[in-house]
Amino acid sequence: MSITARPELTHLQALESEAIHVMREVAAEFERPVMLFSGGKDSIVMLRLAEKAFRPGRFPFPLMHVDTEHNFPEVIEFRDRRVAELEERLIVASVQDSIDQGRAVEETGPRASRNRLQTVTLLDAIAQHGFDAAFGGARRDEERARAKERVMSFRDDFGQWDPKSQRPELWNLYNSRIRKGEHVRVFPLSNWTELDVWEYIDRERLEVPSIYFAHEREVFERDGMLYAWREGAELIDGEKVFSEMVRYRTVGDMSCTGGVRSRAKTLAEVVAEIASTRITERGETRADDRVSEAAMEDRKKAGYF
Amino acid sequence: MTLDLLRFTTAGSVDDGKSTLIGRLLYDTKQVFDDQLEHVAEASVRRGGEGALDLALLTDGLRAEREQGITIDVAYRYFSTVALDGSSGRRFIIADCPGHQQYTRNMVTGASTADLAVILLDARHGVLEQSKRHAFISALLGIPHLVVAVNKMDLVDYSQERFDEIVAEFSQFAGKLGARADLVYIPISALHGDNVVEPSSNLSWYENPAGPTLLSLLETVEVAYDHPFQTPARFPVQWVIRPQGVPGAADYRGYAGQLASGALRAGEEVVVLPGGQRTKIAAIDTYDGELEAALAPMSVTLRLQDEIDISRGEMICRPDEAPEPTRELEADICWMAEAPLRPGGRYQIKHTTRSVSAIVEGLLDSVDVHTLQRGDAPQEMGLNDIGKVRLRTSAPLFVDPYSRNRRTGSFILIDEASNGTVGAGMICAPDA
Ligand SMILES: Nc1nc2c(ncn2[C@@H]2O[C@H](COP(=O)(O)OP(=O)(O)O)[C@@H](O)[C@H]2O)c(=O)[nH]1
């Protein structure tokens, strides 16, 4: 058994403690929390933090994946294995179901993506299960509209976020009072940066899906980004499929998540690459945020993660 | 104790250069990514900039604010000076607070978690009423370090005389604040980068033991939680871990929480409030193994030697330094709602992990945010008003004066009808 009494705390320990505190507050003060789990690096960190917050007990909430069915197969395989190891419960909310039920309409054309449709599926699932708090792995450093997001972010009964009437958040005292039908999104990683996440994954020796490491893949280039070729993807004139060593910085929907050229095959190499990178995570890899400067803000108002 | 994470807040009046300063800090510490820079370059041109990068654009947040061209809510920014080998430097979290009078609540919010406040002045204008208000709020919120950054030194020819004048004026006022915070003055030009990250030959007359730049100060200032072994231990119980149906853990009973202050050691005697039961700490558990001692602000799980029924909202402390449970509080309140605070009002109060009801017994005084004088008790408190009130609670709280403990000395008030967070409270020392 390790015994330490070093009178110092690293920034990762401070961030970890803060996140654990947030998770326990939510578990204690809400009736039906849920933790969103995508299989991505942020949600992998969230799972470890939940273990730290609640073990040897079980998580006082289920996990939920909003599945676009356009995910990288490696990520889905990883998701199911990790959930089984943890012996926790996973709910899969399917975008395909939302489409089949006429709740969401599939986009068409070569740039079609199911990314926006996730919002419908998510809000429906929250309502159907009666969830009153949903943990997400978003960080404030990801994107400018997130810089003002609260740790505990209130959503009205339409699931909407109103950046102008956010509750002030003081000290570490969170106001968890809501009415029926309303819910909160909770972001325990608010104060983490992308580099913090990778350093933590390294420190905790967490397994991540293989697509985070450099690997050879069939891709095509569009708007300066490398998209994974998959069956059914439509090419626009002149686009060619070719083979390239790539790594992913996020694991969203295959249709709108771009890879980056990389040789980083180990965690240490990834950390070094991130530390010296010159482009933000979202700017580099998420087509959905490039549409307009205010893209994220608009989606968040509508109830996006 | 060292912590390589510094939370600080920035305040200034409109146009003092706050956005430019933050942009400068991010830019000169190489935290700005190429795609962000591209946005800023494009936007700078669109706005008719003369080809120069407008660094202020790096930090603008939401669309509404972009349209109005002002910052209206607290935004958080991140940067670090950690060397690639991890050998030096710090992580920084900036709570970027707007400076208008009507947004006192934002500043209070940003200040509540800050270890340091940067108060920005325009060298041409000197100490404005607003600057005083920012300093007052920083002091009220117990921020241990204040930095007065005198900006736009380029517009006063980097004059030492002008700087000294401003320092003298501010010092006179700071004396009246009764702030315990240490106070440092620094001349800068956010626009040109003088003394922000890079030292400047224009300001070679300026001397400071920490080094001439704002960044050198931020990197070396001591962070809170500095003396955990000299501070009374406060452990608010947050969550009880009693695994059900987990093989091998059926008898486990642990009290999880985050140490609000001080340190606790395995084996030492503790008392549980409000019941007053005494027991010993059997073990300090974490997911990574047992600890000999836990320090604030660590999140840990305590196992106790005796079977005591403890629930969320109770507090574990050392018997000889436990706070006296109380149902009567005097506190400075910053009011954050449109609907006024009046005597007789009832609210939910959240203090540490404990939520109880509170009745406003009386308004005791009010702070004039212009003169910063404490005046007579008002009839009511409106949005952004600050004043002292007396509260009575439905159940005892375990409090310390805010001046001694920012975690156990603070609370929020919640309106039971709207569910809004309507007030921020800082508990006064008895007879203060
Ligand atoms: N000459 C000069 N102008 C500055 C300096 N810092 C900021 N400014 C200018 O002052 C104006 C207001 O700055 P901004 O950062 O937007 O102020 P904010 O309202 O406090 O965020 C802008 O035109 C800046 O370019 C400085 O150090 N010197």
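Here the structure is a predicted model, which is why all the values come from computation and not from measurement.

## So, the overall build of chain B
For step 1, the next point in the chain: Helix and strand content of chain B: seven helices and 24 strands.
For step 2, the next point in the chain: For chain B, buried positions account for 59% of its 432 residues.
For step 3, the next point in the chain: Of the contacts made within chain B by residues no fewer than 6 positions apart, 69% connect residues no fewer than 24 positions apart.
For step 4, the next point in the chain: Summed over its atoms, the accessible surface of chain B is roughly 17,300 Å², and 46% of this surface lies on carbon and sulfur atoms.

## Notes on the site of the ligand
All names here are of chain B.
For step 1, the next point in the chain: The ligand sits among 16 residues. The nearest are Asp-15, Lys-18, Ser-19, Thr-20 and Asp-154.
For step 2, the next point in the chain: Measuring from an oxygen atom of the ligand, one finds a backbone N or O atom of Asp-15 at 2.7 Å.
For step 3, the next point in the chain: Note that an oxygen atom of the ligand is positioned 2.7 Å from one of the backbone N or O atoms of Lys-18.
For step 4, the next point in the chain: In isolation the ligand has 580 Å² of accessible area, and contact with the protein removes 76% of it.
For step 5, the next point in the chain: At three residues, helix 1 (residues 18–28) tops the list of elements feeding residues into the shell around the ligand.

## Regarding the packing of aromatic side chains
For step 1, the next point in the chain: In the structure shown here, the tally under the stated rule is 18 aromatic pairs over all chains.
For step 2, the next point in the chain: Summarising the aromatic geometry, the rings of Phe-220 of chain A and Tyr-227 of chain A are spaced 5.9 Å apart at their centres and angled 35° between planes, so their arrangement reads as tilted.
For step 3, the next point in the chain: We classify Phe-220 of chain A as buried; its relative accessible area is 5%.
For step 4, the next point in the chain: Given a relative accessible area of 3%, Tyr-227 of chain A falls into the buried group.
For step 5, the next point in the chain: Both rings, one in Phe-8 of chain B and one in Phe-79 of chain B, keep their centres 6.5 Å apart while their planes meet at 90°; by these two values the pair is edge-to-face. Residue Phe-8 of chain B is found in strand 2 (residues 5–11), and its partner Phe-79 of chain B is found in strand 3 (residues 75–80); the two are separated by 71 residues along the sequence.
For step 6, the next point in the chain: You can call Phe-8 of chain B buried: its relative accessible area is 1%.
For step 7, the next point in the chain: With relative accessibility at 3%, the residue Phe-79 of chain B sits in the buried group.
For step 8, the next point in the chain: In this arrangement the basic side chain of Arg-140 of chain A is found over the ring face of Tyr-76 of chain B, its NZ or CZ atom lying 4.0 Å from the centre.

## Examining the sheet that holds strand 8 (residues 215–222) of chain A
Residues and elements named next belong to chain A.
For step 1, the next point in the chain: Around the barrel, four strands lie side by side as 8-9-11-10; this closed barrel has antiparallel pairing. Neighbouring strand axes in the sheet, compared pairwise and without regard to direction, differ in orientation by 70° on average.
For step 2, the next point in the chain: Pairing of strand 10 (residues 241–248) with strand 11 (residues 258–261) involves three bridges; the strand directions are antiparallel. In the sheet register, Tyr-248 faces strand 11, and the bridge partner there is Gly-259.

## Some thoughts on the confidence of the model for chain B
For step 1, the next point in the chain: When pLDDT is averaged across chain B, the result is 87; 87% of the residues are at 70 or more.
For step 2, the next point in the chain: Quick note on the complex model: pTM equals 0.90, ipTM equals 0.91.

## So, the domain arrangement of chain A
Residues and elements named next belong to chain A.
For step 1, the next point in the chain: When the domains of chain A are assigned, the result is domain 1 (11–197 + 294–302) and domain 2 (207–289).
For step 2, the next point in the chain: Facing the 30 residues of domain 1 at the interface are 31 residues of domain 2.
For step 3, the next point in the chain: Overall, the association of domain 1 and domain 2 removes approximately 2,500 Å² of surface from exposure, summing both partners, and the carbon and sulfur fraction of that is 52%.
For step 4, the next point in the chain: For Glu-74, the salt bridge is made with Arg-217, and the minimal N-O distance between the two is 3.0 Å.
For step 5, the next point in the chain: Here domain 1 is connected to domain 2 by five residue pairs in polar contact (both at pLDDT 80 or more).
For step 6, the next point in the chain: At five residues, the largest contribution of residues to the side of domain 1 that touches domain 2 is made by helix 3 (residues 73–86).
For step 7, the next point in the chain: Of the residues belonging to the side of domain 1 that touches domain 2, the class tally is 10 nonpolar, nine polar and 11 charged.

## Details of the packing of helix 2 (residues 41–54) of chain A against helix 3 of chain A
Residues and elements named next belong to chain A.
For step 1, the next point in the chain: Relative orientation of the contacting elements helix 2 and helix 3 amounts to 5°, with a least axis distance of 12 Å. Compared by their axis directions, helix 2 and helix 3 come out roughly parallel. Packed against helix 2, whose contacting residues are Ile-44, Leu-47, Arg-48 and Glu-51, the element helix 3 presents Phe-78, Arg-82 and Leu-86 at the interface.
For step 2, the next point in the chain: Residue composition of the contact of helix 2 with helix 3, grouped by class: four nonpolar, no polar and three charged.

## Focus: the pairing of strand 16 (residues 299–304) of chain B
Residue and element names in this part refer to chain B.
For step 1, the next point in the chain: Counting buried residues in strand 16 gives five out of six residues, a clear majority hidden from the surface.
For step 2, the next point in the chain: Where strand 10 (residues 254–258) and strand 16 come together, four bridges link them in antiparallel fashion. By the bridge assignment, Gly-257 is partnered in strand 16 with Val-300.
For step 3, the next point in the chain: With four bridges joining them, strand 13 (residues 277–286) and strand 16 adopt antiparallel strand pairing. Paired with Ile-284 across the strands is Leu-302, a residue of strand 16.

Rules of the game
Residues numbered from 1 in each chain as written. Chains lettered and ligands numbered in written order. Predicted model: local features only at pLDDT ≥ 70, side-chain atom pairs only at ≥ 80, totals over all residues. Heavy atoms only, no water. Helix = DSSP H or I, 4+ residues; strand = E, 2+ residues; numbered from the N terminus. Buried < 20%, exposed > 50% of the residue type's maximum accessible area, 1.4 Å probe, protein only. Contact = heavy atoms within 4.5 Å. Areas by Shrake-Rupley, 256 points an atom, 1.4 Å probe, with all protein chains shown as cover. Near = heavy atom within 4 Å. Polar contact = N/O pair within 3.5 Å; in protein donor to acceptor, adjacent residues only side chain to side chain. Phe/Tyr/Trp six-rings, centres within 6.5 Å; stacked < 30°, edge-to-face > 60°. Lys NZ or Arg CZ within 6 Å of the ring centre and 35° of its normal. Pairing = 2+ DSSP bridges. Axes fitted to C-alpha atoms, helices over the stretch in contact; angles between N-to-C directions. pLDDT = per-residue confidence, 0-100. Domains from an automatic or database assignment. Buried area = accessible area lost by both parts, 1.4 Å probe. Salt bridge = Lys/Arg side-chain N within 4 Å of Asp/Glu carboxyl O. Nonpolar A, V, L, I, M, F, W, Y, C, P; charged D, E, K, R; others polar. Parallel < 35°, antiparallel > 145°, perpendicular 65-115°, else oblique.

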